[in-house]
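Observations on the three-dimensional arrangement
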Amino acid sequence: MLQYRAPGVAWIVLNRPDRHNAFDDHLIADLTAMIETVEADKTIHTIILTGNGPSFSAGADLGWMKRAAQASLEANMADAEALARLLHTLNAATKTTIALVQGAAFGGGVGLIACCDIAIGSADTKFALSEVRLGLIPAAISPFVIAAIGSRAARRYFQTAETFGSDEALRIGLLHEVVPAGELENRADALLAALDKTAPMARKDAKQLIHDVAGKPIDGELAAFTAGRIASIRAGDEAREGLAAFFAKRPANWISGGSKK
């Protein structure tokens, strides 16, 4: 379900509450299409991902998994590629992505959280990477989850499939912040207010910078690359406006109510 509650912000709501927003082929296709639609919309700068009902996402739908167990290798490959495409599409989105997580986030739900730039969880949320309980492995989500929580935590939770709470999710890096139950949307409003003060193209470029720099050797080649990036940004219109606004002690033109000079 795609909603537009404020200018520049798209809410993507997982909307299978009777199934705790569990993944099946239809949800994967719909979610991918919604992200692609928002990504193509130049008026949108932020995506908020959340779930309708008591849970964020309980992972894979059991009926879907039962059908998969009886399907051919080719059919399972197509399903797996569709899930991988969803995760890549969310992870590569140029918009700022915020996950608001409540209730339960298991399996693929953890993967969605790991793909978002900012993840805020309710204090009573439960998490699990539960695949090995079913004789499976968290393959498609693994690059994103390992990037979020590190290989050390992954080595534990990929093996034990333990359920853990929001405090542990915060400690290992899956969440950035934990808020009291019922406060997720208020915290989202505060984040949106903070984002409103930032330059939209700079946010996009800063996000791309992380993809370009993370994991690379810190050497002369990387130094030259980063020097070139800041030099080109400094010569751009947003940087000129941002610095001019700073020295003139006025709001930049991208801030709501700011100068349009």
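The text that follows walks through the structure, step by step, so that each part is easy to find. (Residues numbered from 1 in each chain as written. Predicted model: local features only at pLDDT ≥ 70, side-chain atom pairs only at ≥ 80, totals over all residues. Heavy atoms only, no water.)

1. Observations regarding the overall build of the protein
Quick note on the threshold: A helix here means a DSSP run of H or I that spans at least four residues, while a strand means a run of E at least two residues long, and both kinds are numbered starting from the N terminus. Radius of gyration: over C-alpha atoms. The globule rule applied is 2.2 Å multiplied by the number of residues raised to the 0.38 power. The cut-offs for exposure are 20% and 50% of the maximum accessible area for each residue type, with area from a 1.4 Å probe on protein chains only; residues under the lower value are buried, those over the upper are exposed, and the others partly exposed. Only the protein chains shown count as covering a residue, and every accessible area follows the Shrake-Rupley method with a 1.4 Å probe.
In terms of regular secondary structure, the protein is built from 10 helices and 9 strands. The C-alpha radius of gyration of the protein comes to 20 Å, within 12% of the 18 Å expected for a compact globule of 261 residues. Viewed in the frame of its principal axes, the protein has a C-alpha envelope of about 65 × 45 × 35 Å. Counting only residues that meet the buried cut, the protein has 40% of its 261 residues in that class. Accessible surface, the protein: about 13800 Å² in total, of which carbon and sulfur atoms supply 59%.

2. Quick look at a nonpolar patch on the surface
The test is simple: Only residues whose relative accessible area exceeds 30% and that take part in no salt bridge are eligible for patches, with like-charged residues grouped when within 9 Å of each other and nonpolar side chains (Val, Leu, Ile, Met, Phe, Trp, Tyr) grouped when within 5 Å. The term salt bridge refers to a pairing of a side-chain nitrogen on Lys or Arg with a carboxyl oxygen on Asp or Glu at a separation within 4 Å.
A cluster of nonpolar side chains, contributed by L243, F246 and F247, occupies part of the molecular surface with about 400 Å² of accessible area. Take F247: it is sitting in helix α10 (residues 237-248).

3. Re the pairing of strand β1 (residues 2-6)
How we decide: When DSSP finds two or more bridges between a pair of strands, those strands are recorded as paired.
Strand direction decides the pairing type here: β1 and strand β2 (residues 9-14), joined by 3 bridges, are antiparallel. Along β2, the bridge assignment pairs A6 with V9.

4. Quick look at helix α7 (residues 184-195)
Rule in force here: In a helix, the anticipated span is given by 1.5 Å times the number of residues less one. In this description, the arc belongs to the directions extending from the helix axis to the C-beta atoms. Should any heavy atoms of two residues lie within 4.5 Å, those residues are counted as being in contact.
With 12 residues, α7 extends 16 Å between its outermost C-alpha atoms, agreeing within 8% with the 16 Å of an ideal straight helix rising 1.5 Å per residue. Taken together, the buried positions of α7 are L184, A188, L191, L192 and L195. Projected down its long axis, α7 shows its buried positions confined to an angular sector of 100 degrees, all on one face. On its buried face, α7 is in contact with β2, β3 (46-51), β4 (96-101), β6 (118-122), β9 (177-179) and α8 (200-213).

5. With respect to the packing of aromatic side chains
As a reminder of what qualifies: Ring geometry is summarised as follows: Phe, Tyr and Trp rings, the Trp one being its six-membered ring, pair when their centres sit within 6.5 Å, and such pairs are stacked at plane angles under 30 degrees, edge-to-face over 60 and tilted between the two.
Under the defined criterion, the tally for this structure stands at 3 aromatic pairs. Ring centres 5.7 Å apart and planes at 15 degrees place the aromatic pair F127 and F164 in the stacked group. Taken together, the residues F127 in strand β7 (residues 126-128) and F164 in strand β8 (residues 163-165) connect sequence positions 37 residues apart. Pair check on accessibility: F127 and F164 agree, each one buried. Arranged with centres 5.3 Å apart and planes meeting at 75 degrees, the rings of F246 and F247 form a pair that is edge-to-face. We classify F247 as exposed; its relative accessible area is 65%.

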